[in-house]
Number of protein chains: 2
Amino acid sequence: MDDKLMLMIPGPTPVPEAALLALAKHPIGHRTAEFSNMIGEVTENLKWLHQTENDVLTLNVSGTGAVEAGIINFLSPGDRILVGSNGKFGERWVEVGKAFGLNVEAITAEWGKPLDPAQFAEKLQADTNKEIKAVILTHSETSTGVLNDLATINSHVKAHGEALIIVDAVTSLGAYNVEVDVLGLDVVASGSQKGYMIPPGLGFVSVSPKAWEAYKTAKLPKYYLDLGKYRKATAKNSTPFTPPINLIVALHTTLGMMKKEGLESIFSRHERQKNATRAAIKALNLPLFAPDEYASPAITAVSVPGMEADKIRSAMKKRFDIALAGGQDHLSNKIFRIGHLGFVSDRDILSCIASLEVVLAELGYDKFTPGAGIAAAAKVFG
Amino acid sequence: MDDKLMLMIPGPTPVPEAALLALAKHPIGHRTAEFSNMIGEVTENLKWLHQTENDVLTLNVSGTGAVEAGIINFLSPGDRILVGSNGKFGERWVEVGKAFGLNVEAITAEWGKPLDPAQFAEKLQADTNKEIKAVILTHSETSTGVLNDLATINSHVKAHGEALIIVDAVTSLGAYNVEVDVLGLDVVASGSQKGYMIPPGLGFVSVSPKAWEAYKTAKLPKYYLDLGKYRKATAKNSTPFTPPINLIVALHTTLGMMKKEGLESIFSRHERQKNATRAAIKALNLPLFAPDEYASPAITAVSVPGMEADKIRSAMKKRFDIALAGGQDHLSNKIFRIGHLGFVSDRDILSCIASLEVVLAELGYDKFTPGAGIAAAAKVFG
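Below, the structure is looked at part by part. Since we're looking at a predicted model, the values are computed, not measured. (Residues numbered from 1 in each chain as written. Chains lettered and ligands numbered in written order. Predicted model: local features only at pLDDT ≥ 70, side-chain atom pairs only at ≥ 80, totals over all residues.)

## Some remarks on the overall build of chain A
Phase 1: When helices and strands are tallied, chain A shows 14 helices and 13 strands.
Phase 2: Taking 382 residues into account, the globule formula puts the C-alpha radius of gyration at 21 Å, and chain A, at 21 Å, falls close to it.
Phase 3: Principal-axis analysis of the C-alpha atoms gives chain A an extent of 60 × 55 × 35 Å.
Phase 4: In chain A, which comprises 382 residues, the proportion classed as buried is 57%. (Helix = DSSP H or I, 4+ residues; strand = E, 2+ residues; numbered from the N terminus. Rg over C-alpha atoms; globule rule 2.2 N^0.38 Å. Buried ≥ 20, exposed ≤ 12 C-beta atoms within 10 Å, placed from the backbone.)

Encoded structure:
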């Protein structure tokens with residue numbers, strides 16, 4: 001049966017019909033009052049979503065492009081930075097730092113385990129010369145479903161006083177309560193195909209006054225990713241380069257939907273779906289890859305000892321047209337990942353768990369009572 | 001009347017219904033066989049459109065991002081480059097070169113005039129030490145409607161032997177016969193909202209083997225714009241970062257339409273519409289901003305001595321819902337620009353000219369015989 005695909009991956013996430021229809025509208029000119037008004041409203045709503053008075057800038061890039069912009073605009077060659085690395089994306093920011101000639105110190109943890117805030121504290125406290133210019137942290141590590149302890153690590157950065165805190169919030173913003181101003185987060189990067197509920201193509205970066213101060217003396221070369229240009233244009237409800245008009249029209253639609261739902265409801269929906277998914281996986285006697293206390297609101301990674309994860313994914317796709325994500329790099333075929341991020345309803349979680357029960361049984365996995373997964377999820381939802 | 005907007009600007013251009021509907025499809029996973037097949041077909045068709053065996057890479061950036069990637073991947077700090085500059089975009093590539101610490105020599109001409117190939121020849125011939133690493137040329141200068149003499153300038157670059165030729169083909173590719181392999185163009189950059197007939201959001205860069213040789217020793221820092229990553233992924237029908245899936249599905253649709261129309265027909269359509277537009281403007285006794293021999297196939301800029309260009313644009317929009325582009329920078333309010341690029345039919349040109357006649361008369365301009373513009377265009381189309 002065609003056109004029945006259900007995305008349960010951590011991006012792209014499902015897109016609401018209203019946003020799909022917005023995408024299909026003829027583009028309008030981007031140098032018009034009509035589009036300028038739309039940019040203005042989008043920017044206001046982005047600030048609302050970020051819970052910030054900081055600039056929030058929209059770029060025509062993927063999430064990686066947004067995080068890279070969030071790094072290179074505020075640093076100079078040779079600058080010392082700490083980068084948290086406990087998954088594919090943490091490792092990527094280490095690579096970005098090195099590609100730009102920064103003096104990168106990685107603070108690592110095993111994939112699936114959270115970063116240890118004490119290790120950040122130690123480095124930051126020892127840095128009495130204030131050489132550390134930035135701490136880069138992946139909040140929700142998409143590759144493992146670990147939610148790192150942003151609040152505690154950030155408190156150590158604040159105690160240091162000099163370093164900027166730069167956050168990859170790609171799969172946390174719009175899913176988890178990321179209080180940009182309350183925490184004083186200097187740079188927060190995210191991408192459109194996640195909590196924003198539209199297809200990939202847009203990246204977002206929020207920038208604090210302290211980060212803008214660093215921008216003034218930052219010497220890494222940039223042009224297309226030069227956030228100063230975006231700031232200047234955004235202040236005039238414009239864009240420095242031709243923007244992806246249709247995606248912005250769709251974003252205007254979904255931000256309106258989010259505002260109507262309200263932040264509290266959005267965050268509690270993600271929390272509830274995370275809890276239901278994890279309860280179900282436990283009831284199926286499959287090991288969760290990330291510990292409960294550090295579980296991402298956006299994605300649940302599941303270990304499958306004695307089985308091939310990709311066989312489960314493939315059967316889920318073939319039998320029920322549900323797309324799950326696989327493991328990346330050394331986790332390939334060892335885990336599968338359920339995305340519960342963005343435009344996902346409680347019903348979708350039930351569909352996914354129920355289908356998973358059927359597929360696991362078909363594949364000969366018998367370490368659960370049929371219906372146990374759904375019963376556990378139902379208890380959370382009830 | 002709503003939803004009657006007609007875009008006659010040089011991007012975004014009108015988008016065919018089939019592509020709009022493709023945009024509105026639910027996104028699919030980008031790490032699937034289905035999407036991989038699509039990437040493969042898109043890449044093949046991009047090579048067809050570029051008339052090349054070179055790699056053609058697709059990035060999630062605007063046209064500016066594509067040109068920047070085409071520059072920074074092949075050069076090192078301090079490298080000497082020549083940059084043609086006779087309009088807003090030529091000036092932009094000078095800025096990019098400077099932002100990345102290149103030793104930029106601008107070869108300039110007045111806005112509205114073509115670059116003089118002899119000036120390139122002189123610099124290149126004098127460079128017996130082969131210090132010039134690249135020549136950057138805007139083929140169709142969108143800000144003025146001038147088509148620079150790529151073939152002749154390129155022949156001087158070839159005679160030099162060392163320098164790469166890097167071409168901003170943003171408003172020429174898919175509108176004019178840009179023979180990448182016949183001319184031996186090393187790097188050619190373009191953007192989706194132009195000849196490709198889809199909304200903005202994708203940039204394209206073709207890269208020759210000679211350019212890949214230069215890539216090996218090029219030292220400018222890059223990560224998101226690192227074309228080596230795109231090359232590696234494209235060879236496996238994949239993408240290095242999450243791609244703008246919906247735009248790629250739409251591109252798959254329009255490339256299919258272009259292939260069906262055929263290169264010869266696409267180029268002669270643009271040539272014919274350019275000729276009809278220019279004939280009409282002449283018949284209205286308005287000065288063309290670019291000379292006939294250097295007229296862009298994509299855009300016609302019109303001078304309006306004694307009138308305000310923006311009043312004409314505003315009346316065209318208000319009375320007939322036709323969007324024309326204005327002049328940029330010092331040409332603001334001095335010229336207007338008619339885009340005839342991408343999904344534009346002969347009928348659209350007639351609508352535009354006929355409407356322009358009405359508006360000019362309403363604004364009190366009486367230096368033409370009513371119907372003269374249409375008569376002149378009809379002669380070209382007849």
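## Thoughts on the sheet that holds strand β8 (residues 164-168) of chain B
Residue and element names in this part refer to chain B.
Phase 1: Here we have seven strands laid out as an open sheet, ordered β2-β10-β9-β8-β5-β3-β4, and mixed in their pairing. The open sheet has two edge strands, β2 (55-59) and β4 (103-108), and neither has a second partner. Across the sheet, the axes of successive neighbouring strands diverge by a mean angle of 20 degrees, strand direction being ignored.
Phase 2: Where strand β3 (residues 80-85) lies against β4, six bridges are found, and the strand directions are parallel. In the strand pairing of β4, Val83 is matched with Ala106.
Phase 3: Docked against the sheet, helix α2 (residues 33-50) engages β2, β9 (187-191) and β10 (203-207), running at close to 120 degrees with respect to β2. (Pairing = 2+ DSSP bridges. Axes fitted to C-alpha atoms, helices over the stretch in contact; angles between N-to-C directions. Contact = placed C-beta atoms within 7 Å.)

## A few points about the sheet that holds strand β1 (residues 6-8) of chain A
All names here are of chain A.
Phase 1: Read across the sheet, four strands follow the order β1-β12-β13-β11 without closing on themselves; strand pairing throughout is mixed. Each having just a single partner strand, β1 and β11 (299-303) make up the two edges of the open sheet. Going from strand to strand, the sheet's axes swing by 35 degrees on average, the running direction of each strand aside.
Phase 2: Relative to strand β13 (residues 335-339), β11 runs antiparallel, the two sharing five bridges. Each residue of the ladder has a partner; that of Thr300, found in β13, is Ile338.
Phase 3: Packing of helix α12 (residues 309-320) onto the sheet brings it into contact with β12 (322-326) and β13, and relative to β12 it is tilted by some 165 degrees.
Phase 4: Sheet strands touched by helix α13 (residues 346-362): β1, β12 and β13. Its angle to β1, the strand with the most contacts, is close to 90 degrees.

## Regarding the packing of helix α13 (residues 346-362) of chain B against helix α14 (residues 372-381) of chain B
Residues and elements named next belong to chain B.
Phase 1: Running from N to C, α13 and α14 cross one another at 165 degrees; their axes reach a closest spacing of 9 Å. By the angle between their axes, α13 is roughly antiparallel relative to α14. Viewed along their axes, α13 and α14 form a crossing whose handedness is right-handed. In this structure, α13 contributes Asp346, Ile349, Leu350, Ile353, Ala354, Leu356 and Glu357 to the contact, and α14 contributes Gly373, Ile374, Ala377 and Phe381. (Parallel < 35°, antiparallel > 145°, perpendicular 65-115°, else oblique. Left-handed = near helix turned anticlockwise from the far one by under 90°.)

## So, the pairing of β8(B)
In the case of a regular strand, side chains alternate between the two sheet surfaces.
Residue and element names in this part refer to chain B.
Phase 1: Here β8 lies mainly inside the structure; five of its five residues are buried.
Phase 2: Every second residue of β8 is oriented toward a common face, with Leu164, Ile166 and Asp168 on one face and Ile165 and Val167 on the other, all of them buried.
Phase 3: In the sheet, strand β5 (residues 132-138) pairs with β8 via five bridges, with the strands oriented parallel. Each residue of the ladder has a partner; that of Thr138, found in β8, is Asp168.
Phase 4: Pairing between β8 and β9: three bridges, direction parallel. Considered in β9, the bridge of Val167 is made with Val188.

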